[in-house]
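Working through the structure, step by step
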Amino acid sequence: MSITHARIHEKTCMGDVHYAVADLDRVASFYRDILGFAVLEQAGDTVVLGAGDRVLLRLTKDPAARRVRGTAGLYHTAFLVPTRRDLAHLALRIAESRTRIHGTSNHGTHLAIYLPDPEGNGIELAWDFPEEVWPIKDGALDLGAMPRQGVDFGELMKELDKNPSPWTGLPQGTVVGHIHLHVSDLETSERFYHGVLGFDVMMKSYDFGALFVSAGGYHHHIGMNIWRGIGIPKASPDALGLRTFTVLVPHEEELGRLQARLAAENIACEPSGAGLLVRDPSGIGLILAVDEGA
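Heads up: these notes are all about the structure in this document. (Residues numbered from 1 in each chain as written. Predicted model: local features only at pLDDT ≥ 70, side-chain atom pairs only at ≥ 80, totals over all residues. Heavy atoms only, no water.)

Another aspect to go through is the pattern of salt bridges. Scanning all chains against the criterion turns up 12 salt bridges. Linking Glu 187 and Arg 191 is a salt bridge whose minimum nitrogen-to-oxygen distance equals 2.8 Å. Residue Glu 187 and its partner Arg 191 are located together in helix H4 (residues 186-196), separated by 4 residues, close to a single helical turn. Judged by its relative accessible area of 40%, Glu 187 is partly exposed. (Salt bridge = Lys/Arg side-chain N within 4 Å of Asp/Glu carboxyl O. Helix = DSSP H or I, 4+ residues; strand = E, 2+ residues; numbered from the N terminus. Buried < 20%, exposed > 50% of the residue type's maximum accessible area, 1.4 Å probe, protein only.)

In structure tokens:
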């Protein structure tokens, strides 16, 4: 696989994620009742959740799926809310429901609250600072300028004092901001996501064991790490958890260009719904599709 340098379209963004779950009712209820997702569709063993009319998460019950550990796959999915007040309401919902969290962070680019769903799928609840204050230098994240601190909940809760009206759930404008993956190798991941698909490298640190890539100057759309070890195995097809995530491009021309680049590198892809299913070097499935709302 050779590294090329044609960039992916600047309006590329993230679409929905798809998980296989063992207890559909329990997981769907968590996202609906604790985090304010709307149930957009329910048919058979699948529940589609989102905000407004935007699909964010698909859950499919798979009785044959099993829990596996130590493989490539999901670290977390970041659900990005449009206002700081929305993140404050989510923090309040977590506190009131006594939901366990893994931690919080002020990254300088965004505020983040980390927690697991009932089956251990990682969640990041996020709100972006204005782009002009992001610690970005020469087109990349400046690790030295990024703060090393958690979320100031006292300051965050002041947003609810400013506007005490009740929260009615995730608002229109909530999106999947990024996805963060456990991968088997950073170098092959960079060749695929940067060299073939054309995402820009926003941060690469082999000492830290992480790689962030994005389109259009965003702080990151896809994060990758080797914190489970180099050369970890691919997840088995019958594993619980992440099945696919979606990358949305603005038009059919861009989708065709990506398909041609995959073909030139002899990387297989196949039709999947309205898009193309491809697997990265760690065996993680992603769907390339046109953003119908673009």
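Bringing helix H5 (residues 252-264) into the picture now. When the terminal C-alpha atoms of H5 are compared, their 18 Å separation across 13 residues agrees well with the 18 Å that a helix rising 1.5 Å per residue should span. Following H5 by one or two positions, Asn 266 adopts a phi angle in the positive range, close to 60°. (Expected span 1.5 Å × (residues − 1).)

Further remarks concern a nonpolar patch on the surface. On the surface, a cluster of nonpolar side chains totalling about 310 Å² of accessible area is made up of Tyr 75, Phe 208 and Trp 227. Along the chain, Tyr 75 turns up in strand S5 (residues 73-80). According to the relative accessible area criterion, Tyr 75 is partly exposed, its value standing at 34%. (Patch = residues over 30% accessible without salt bridge, like charges linked within 9 Å, V, L, I, M, F, W, Y side chains within 5 Å. Areas by Shrake-Rupley, 256 points an atom, 1.4 Å probe, with all protein chains shown as cover.)

All right, on to the pairing of strand S18 (residues 285-290) then. In terms of burial, S18 is a largely internal element, 6 of the 6 residues being buried. For strand S15 (residues 241-249) and S18, the ladder comprises 6 bridges, and the chain directions are parallel. Residue pairing across strands places Thr 246 opposite Ile 287, the latter belonging to S18. Where strand S17 (residues 275-279) lies against S18, 4 bridges are found, and the strand directions are antiparallel. Considered in S18, the bridge of Arg 279 is made with Gly 285. Taking the residues that link successive antiparallel strands as the turn, the S17-S18 hairpin has 5 residues, and the phi of Gly 283 there is positive, at about 85°. (Pairing = 2+ DSSP bridges.)

The next point concerns the nonpolar core. Core analysis: the largest hydrophobic core is formed by 75 residues, its most contacted members being Tyr 31, Leu 59, Leu 181, Tyr 193, Ile 222 and Phe 245. Examining the composition of this core, we find that 6 residues originate from one element, helix H1 (residues 24-34), more than from any other. When neighbours within four sequence positions are excluded, Tyr 193 is seen to be in contact with Leu 181, Gly 198, Phe 199, Val 213, Ile 222, Met 224, Phe 245, Asp 280 and Leu 286. (Core = buried A, V, L, I, M, F, W, Y, C linked by side-chain atoms within 4.5 Å. Contact = heavy atoms within 4.5 Å.)

Okay, the side chain of Thr 244 next. Along the polypeptide, Thr 244 turns up in strand S15. Look at Thr 244 and you get buried, because its relative accessible area is 10%. Not counting chain neighbours up to four residues away, the residues in contact with Thr 244 comprise Val 17, His 18, Leu 277, Gly 285 and Ile 287.

Our next topic: the packing of aromatic side chains. What the rule picks out here adds up to 9 aromatic pairs. Seen in terms of ring centroids, Phe 208 and Trp 227 are 5.4 Å apart; in terms of plane orientation they differ by 70°. Their pairing is edge-to-face. Of this pair, Phe 208 sits in the loop between strand S12 (200-205) and strand S13 (210-214) while Trp 227 is found in the loop between strand S14 (222-225) and S15, placing the two residues 19 residues apart along the sequence. Members of the aromatic cluster, connected to one another through ring pairs, are Phe 30, Tyr 31, Phe 37 and Phe 79. (Phe/Tyr/Trp six-rings, centres within 6.5 Å; stacked < 30°, edge-to-face > 60°.)

Turning next to the environment of His 180. Checked against the element boundaries, His 180 lands in strand S11 (residues 175-182). Expressed as a C-alpha distance, the spacing of His 180 and Pro 82, which sit 98 residues apart in the sequence, is 20 Å. Residues contacting His 180, with those up to four places away along its chain left out, are Leu 74, Tyr 75, His 76, Phe 212, Gly 223, Met 224, Asn 225 and Trp 227. Here the side chain of His 180 touches Asn 225 through a polar contact of 3.0 Å, side chain to side chain. (Polar contact = N/O pair within 3.5 Å; in protein donor to acceptor, adjacent residues only side chain to side chain.)

Remember, this is a structural readout, not a statement about activity or role.
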